[in-house]
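# Architecture at a glance
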Amino acid sequence: MNKYIVVNQPENWNFSTGNTNVISSQDYLTNPKYALLKNARIFNLCKDYSYQSKGYYVSLLAEARGHLPIPTTKNIVDLKTLKLVRIVSDEFNDEIQKSLKNIKSREFTLSIYFGQNVAQKYKVLSSLFYKHFQVPFLRVKFNYNNKWNVQSIKAISESEIPVEHIASVREFANQYFSKKRYDTAKVSNYDFDLAILVNPNDPAPPSNPKALKKFVDIAEKMNIYAEIIEPKDLSRLSSFDALFLRQSTEVNNEAYTFSRKAQQEGLAIIDYPDAILKCCNKVYMAEALQNANIDTPKTVIVHNNNRNSVLKETGLPCVLKAPDSTFSFGVKKANTKEEFDTLVTEMLKESELIIAQKFCPSDYDWRIGVIDNKPFYACRYYMAKGHWQIYNWKAKKKTEQDGNADCMAIEDVPKNVIDMALKSAKLMGEGLFGIDIKIVEGKPMVIEINDNPNIDFGVEDLHYGDLVYTEILYALKKRLG
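An account of the accompanying structure is given in this report.

Quick notes on the rules
- Residues numbered from 1 in each chain as written.
- Predicted model: local features only at pLDDT ≥ 70, side-chain atom pairs only at ≥ 80, totals over all residues.
- Heavy atoms only, no water.
- Helix = DSSP H or I, 4+ residues; strand = E, 2+ residues; numbered from the N terminus.
- Rg over C-alpha atoms; globule rule 2.2 N^0.38 Å.
- Contact = heavy atoms within 4.5 Å.
- Areas by Shrake-Rupley, 256 points an atom, 1.4 Å probe, with all protein chains shown as cover.
- Lys, Arg positive; Asp, Glu negative; His and termini not counted.
- Charge placed at Lys NZ, Arg CZ, Asp CG, Glu CD.
- Core = buried A, V, L, I, M, F, W, Y, C linked by side-chain atoms within 4.5 Å.
- Buried < 20%, exposed > 50% of the residue type's maximum accessible area, 1.4 Å probe, protein only.
- Pairing = 2+ DSSP bridges.
- Phe/Tyr/Trp six-rings, centres within 6.5 Å; stacked < 30°, edge-to-face > 60°.
- Axes fitted to C-alpha atoms, helices over the stretch in contact; angles between N-to-C directions.
- Left-handed = near helix turned anticlockwise from the far one by under 90°.
- Nonpolar A, V, L, I, M, F, W, Y, C, P; charged D, E, K, R; others polar.
- Parallel < 35°, antiparallel > 145°, perpendicular 65-115°, else oblique.
- Salt bridge = Lys/Arg side-chain N within 4 Å of Asp/Glu carboxyl O.
- Expected span 1.5 Å × (residues − 1).
- Arc of directions from axis to C-beta.

Scanning the chain from terminus to terminus reveals 16 helices and 20 strands. For 481 residues, the compact-globule estimate of 2.2 N^0.38 gives 23 Å, and the chain sits close to it at 24 Å. By principal-axis analysis of the C-alpha atoms, the chain measures approximately 65 × 55 × 40 Å. Taking the contacts inside the chain whose residues are at least 6 apart along the sequence as the reference set, 68% of them involve residues at least 24 apart. Split by element, the accessible area of the chain, about 21,800 Å² in all, is 47% carbon and sulfur. Positive and negative side-chain charges of the chain, numbering 63 and 58 respectively, have mean locations separated by a distance of 5 Å.

Given below as structure tokens:
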């Protein structure tokens with residue numbers, strides 16, 4: 001397997017690499033040869049992992065390319081959620097108390113380099129944190145209040161390593177990069193009460209009130225206890241056996257935190273945190289679809305170095321998408337070069353990479369609902385009145401915000417549309433997905449893979465009725481064994 005260490009400035013890298021190549025984050029993100037590389041492990045040691053930074057995108061695109069990144073995007077996002085960090089660290093609370101019991105001060109900092117600490121007595125504790133978070137350079141701060149608690153945990157860059165630790169870190173690096181296997185956290189599953197997460201303030205909820213009632217009623221008939229919970233109920237999640245997300249999903253909102261906590265505690269989940277990370281980022285999706293040879297409208301990943309050549313490939317009008325845009329939020333259309341330049345400048349202030357796509361007008365988009373690699377509903381979503389998208393959030397009348405929809409039997413959908421939907425869903429693993437497909441000049445093209453698709457009473461259930469709800473609940477029940 002090819003191994004690459006990705007850092008911001010390779011010329012400043014001071015540690016042993018064995019047979020591992022050191023490359024820059026800019027090179028990995030923008031050089032086409034790395035997109036085509038097969039069978040690679042990526043050690044992401046960028047100095048910043050913040051959301052939509054270069055460090056974040058190195059791990060995200062590594063996953064899209066089928067590479068094996070350390071840390072993964074899931075590991076990176078976990079670090080940003082202190083509440084989640086504390087929940088995870090509770091799992092090895094006994095080791096924390098045992099390792100730190102002889103410390104006299106009320107504060108302690110544990111520096112972890114490639115899963116090790118310079119003091120042998122913290123070896124087990126360092127290994128536990130590394131196995132959960134998989135970040136090569138990690139700093140954990142504890143404070144004492146009746147017992148030792150995790151105060152903060154963050155990734156650090158090589159420039160933040162104290163001089164007196166450098167010799168040890170060089171030795172750890174040599175050991176680390178010569179390994180053939182790398183530890184990963186394991187997740188186990190349990191059994192039967194269902195929490196359905198709903199945010200009452202959601203601007204675009206994925207299920208309307210009648211659909212939520214259907215889920216609860218049908219669950220009862222299937223001997224599943226189902227309860228609607230809200231973001232304030234995170235502390236209650238461990239009392240359930242399964243979690244079903246029915247609020248809009250984003251990497252930085254409660255839905256991801258709930259999903260990740262549920263995964264750590266072994267709950268059955270729809271949808272998994274991996275699906276949220278992948279589907280909520282259009283950059284990942286573009287790279288994954290391209291690598292799988294799935295047709296899409298002409299798509300370019302835009303960054304500051306190539307922005308002036310994008311329109312040669314997409315033409316005008318051009319659709320621009322923020323990486324984490326959902327329900328048409330953050331999706332813009334540039335009709336002129338001036339509009340394109342203005343929008344790209346604004347959007348690149350928020351993210352190192354954005355998406356540009358050839359505009360393909362159509363009267364409707366197909367939406368194929370897929371649960372665990374099986375199609376279970378099919379809709380056609382028509383464009384909002386006088387608008388180029390299904391949703392028009394600027395419409396003056398609420399009734400004109402979205403277009404009409406019709407629903408039909410799976411067997412009445414063109415076979416090539418169903419086949420493309422199933423192939424696309426497999427890229428994301430098992431779970432609940434809505435695949436949006438346009439027919440462009442007689443050819444199907446994937447527009448979007450949605451991890452948290454709408455299940456609304458009177459829309460997606462119009463043809464199959466209760467079976468739509470039953471399929472999802474049955475999938476959760478199967479996860480529970």
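Our focus in this paragraph is the environment of Lys 423. Position of Lys 423 relative to the elements: it lies in helix 15 (residues 415–426). Once the C-alpha coordinates of Lys 423 and Asn 373 are considered, the two residues, 50 residues apart in sequence, prove to be 8.6 Å apart. Discounting chain neighbours no more than four positions away, the residues touching Lys 423 are Ala 292, Asn 293 and Ile 294.

Next up on the list: the nonpolar core. A general tendency of soluble globular proteins is for nonpolar side chains to be buried together. Counting residues in hydrophobic clusters, the biggest one holds 89 residues, and the most contacted among them are Phe 129 and Phe 142. In terms of residue count, the dominant contributor to this core is helix 3 (residues 54–64) (seven residues). Each residue touching Phe 129, except ones within four places of it in the same chain, is listed here: Ser 89, Phe 92, Ile 96, Ile 112, Gln 134, Leu 138, Val 140, Phe 142, Val 150 and Ile 153. Among the nonpolar cores identified, the runner-up in size contains 30 residues, and Val 198, Met 222, Ile 224 and Tyr 381 belong to it.

What follows covers the pairing of strand 20 (residues 443–450). Among the eight residues of strand 20, six are classified as buried, and the element is accordingly described as predominantly covered. Where strand 19 (residues 432–440) and strand 20 come together, seven bridges link them in antiparallel fashion. Across the sheet, the residue bridging to Ile 437 is Val 446, located in strand 20. Between strand 19 and strand 20, which pair antiparallel and follow one another directly, the connecting turn spans two residues, one of which, Glu 441, has a positive phi of 50°.

What follows concerns the packing of aromatic side chains. Tallied over the full model, the rule gives 23 aromatic pairs. The interplanar angle of 70° and the centroid separation of 5.0 Å between the aromatic rings of Phe 215 and Phe 244 together place this pair among those described as edge-to-face. Of the two residues, Phe 215 sits in helix 9 (residues 209–221) while Phe 244 sits in strand 10 (residues 242–245), which places them 29 residues apart along the sequence. Classification of Phe 215 by relative accessible area gives buried; the value is 0%. A centroid spacing of 5.9 Å and a plane angle of 90° characterise the contact between Tyr 364 and Trp 366, whose relative ring orientation is edge-to-face.

All right, on to the packing of helix 6 (residues 93–100) against helix 7 (residues 123–133) then. Interaxial distance between helix 6 and helix 7 falls to 9 Å at its minimum, and their mutual angle equals 145°. Along this stretch, helix 6 crosses helix 7, giving a crossing that reads as left-handed. Counted together, Glu 95, Ile 96, Ser 99 and Leu 100 of helix 6 and Val 124, Leu 125, Leu 128 and Phe 129 of helix 7 form the full contact between these two elements. Of the residues that constitute the contact of helix 6 with helix 7, the class distribution is six nonpolar, one polar and one charged.

Quick look at the packing of helix 9 against helix 16 (residues 467–479) now. Put simply, helix 9 and helix 16 touch, their axes get as near as 10 Å, and they point 60° apart. Considering their axes alone, helix 9 and helix 16 lie oblique with respect to each other. When the axes of helix 9 and helix 16 are compared, the crossing they make is right-handed. Across the interface between the two elements, Ala 211, Lys 214, Phe 215, Ile 218 and Ala 219 of helix 9 pack against Tyr 469, Thr 470, Ile 472 and Leu 473 of helix 16.

This part covers the pattern of salt bridges. Taken as a whole and assessed by the stated rule, the structure comprises 19 salt bridges. Its salt-bridge partner being Asp 436, residue Arg 367 comes within 2.4 Å of it at the nearest N-O pair. On the criterion of sequence distance, the pair formed by Arg 367 in strand 16 (residues 364–371) and Asp 436 in strand 19 is long-range, its members being 69 residues apart. Given a relative accessible area of 7%, Arg 367 falls into the buried group. A salt bridge links Asp 419 to Lys 415, with the nearest nitrogen and oxygen atoms 2.7 Å apart. Of this pair, Asp 419 and Lys 415 both sit in helix 15, four residues apart, which is roughly one turn of that helix.

Quick look at the environment of Cys 379 now. As for its placement among the helices and strands, Cys 379 is situated in strand 17 (residues 374–382). Taking the relative accessible area as the measure of exposure, Cys 379 reaches 0% and is therefore buried. A C-alpha to C-alpha distance of 62 Å links Cys 379 and Ser 105, two positions 274 residues apart in sequence. The residues touching Cys 379, leaving out its near neighbours within four places in the chain, are Asp 365, Trp 366, Arg 367, Asp 406, Cys 407, Val 459 and Glu 460.

In this section: helix 9. For an α-helix, 3.6 residues make a turn, and residues three or four places apart therefore share a direction. Relative to the 18 Å expected for 13 residues at 1.5 Å per residue, helix 9 spans 19 Å between its end C-alpha atoms, a close match to the ideal helical length. All of the buried residues in helix 9 are Ala 211, Leu 212, Phe 215, Ile 218 and Ala 219. Projected down its long axis, helix 9 shows its buried positions confined to an angular sector of 135°, all on one face. The exposed set on the far side of helix 9, more than 90 degrees from its buried face, consists of Pro 209, Lys 210, Lys 213, Glu 220 and Lys 221. As for helix 9, its buried residues are in contact with strand 8 (194–197), strand 9 (226–229), strand 10 and helix 16.

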